[in-house]
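# Understanding the architecture of this molecule
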Amino acid sequence: MNNPLINPGLGTFIWMLVSFGILAFILMKWGWPMILKSLKNREEAITASLNEAAKAREEMKSLVAHNEELLREAKMERDEMLRNARLTSEQIVEEARTKATAEADRIVEAARENINYEKLKAMHELKNQIANLSIEISEKLIGAELSDKAKADALIQKELDSIHLN
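Note that the structure is predicted; figures quoted are calculated from it, not measured.

Glancing now at the overall build of the protein. What the protein contains, in helices and strands, is two helices and zero strands. Radius of gyration (C-alpha) of the protein: 65 Å, far over the 15 Å computed for a compact globule of 166 residues. Taken along its principal axes, the extent of the C-alpha atoms in the protein is 195 × 45 × 20 Å. Put simply, the protein has 166 residues, and 1% of those count as buried. When the accessible area of the protein is evaluated, it comes to approximately 15500 Å², of which 64% is carbon and sulfur surface. Measuring between centres, the 23 positive side-chain charges of the protein sit 13 Å from its 27 negative side-chain charges.

So, on to a nonpolar patch on the surface. A cluster of nonpolar side chains, contributed by Leu10, Phe13, Ile14, Trp15, Leu17, Val18, Ile22, Phe25, Ile26 and Trp30, occupies part of the molecular surface with about 1100 Å² of accessible area. Counting through the fold element by element, isoleucine 22 comes out in helix α1 (residues 10-146). Residue isoleucine 22 is classed as partly exposed on the basis of its relative accessible area, which comes to 47%.

What follows is about the pattern of salt bridges. One pass over the structure, following the stated rule, counts six salt bridges. Note that arginine 72 and glutamate 69 form a salt bridge whose closest N and O atoms lie 2.7 Å from each other. Residue arginine 72 and its partner glutamate 69 are located together in helix α1, separated by three residues, close to a single helical turn. One salt bridge in this structure joins aspartate 79 and arginine 78, with 3.2 Å as the shortest N-O distance. Relative accessible area serves as the criterion here: at 35%, aspartate 79 is assigned to the partly exposed category. Overall, the relative accessible area of 46% leaves arginine 78 in the partly exposed class.

Conventions and cut-offs
- Residues numbered from 1 in each chain as written.
- Predicted model: local features only at pLDDT ≥ 70, side-chain atom pairs only at ≥ 80, totals over all residues.
- Heavy atoms only, no water.
- Helix = DSSP H or I, 4+ residues; strand = E, 2+ residues; numbered from the N terminus.
- Rg over C-alpha atoms; globule rule 2.2 N^0.38 Å.
- Buried < 20%, exposed > 50% of the residue type's maximum accessible area, 1.4 Å probe, protein only.
- Areas by Shrake-Rupley, 256 points an atom, 1.4 Å probe, with all protein chains shown as cover.
- Lys, Arg positive; Asp, Glu negative; His and termini not counted.
- Charge placed at Lys NZ, Arg CZ, Asp CG, Glu CD.
- Patch = residues over 30% accessible without salt bridge, like charges linked within 9 Å, V, L, I, M, F, W, Y side chains within 5 Å.
- Salt bridge = Lys/Arg side-chain N within 4 Å of Asp/Glu carboxyl O.

In structure tokens form, the structure reads like this:
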């Protein structure tokens, strides 16, 4: 077991100690400050990232609250618009119903007037026909009575006596 790496000699040990010391001195002089500086920069970067993440989280919370408020307002506006649309449609339907009722009443009234006019016209025509028939019947009766001379003179005298001249 005379392996020089496992059981080094005194000279090797001293040179290893001197080499280690020089290496430790170089690392402490130039390497260690660089390592500490980079660790400090890394720590500051991590701290800054954590702070930014906390700020972002707070901003997200406020944005979520703001978005919820906007959503609530949008729903309220939508409900208001639907309510207004419903009221407007009801008004339009009511106006149409009123106009239709007025138009129906006007048509019914015009029909009644037309019926009354036609009724009066028919009655007038009926009276004229009755008068014409009466005249025809009277002509036939008078013609039959006037064919006899004595009856004709009696009829003329009777009519003349019934007429009073003013």
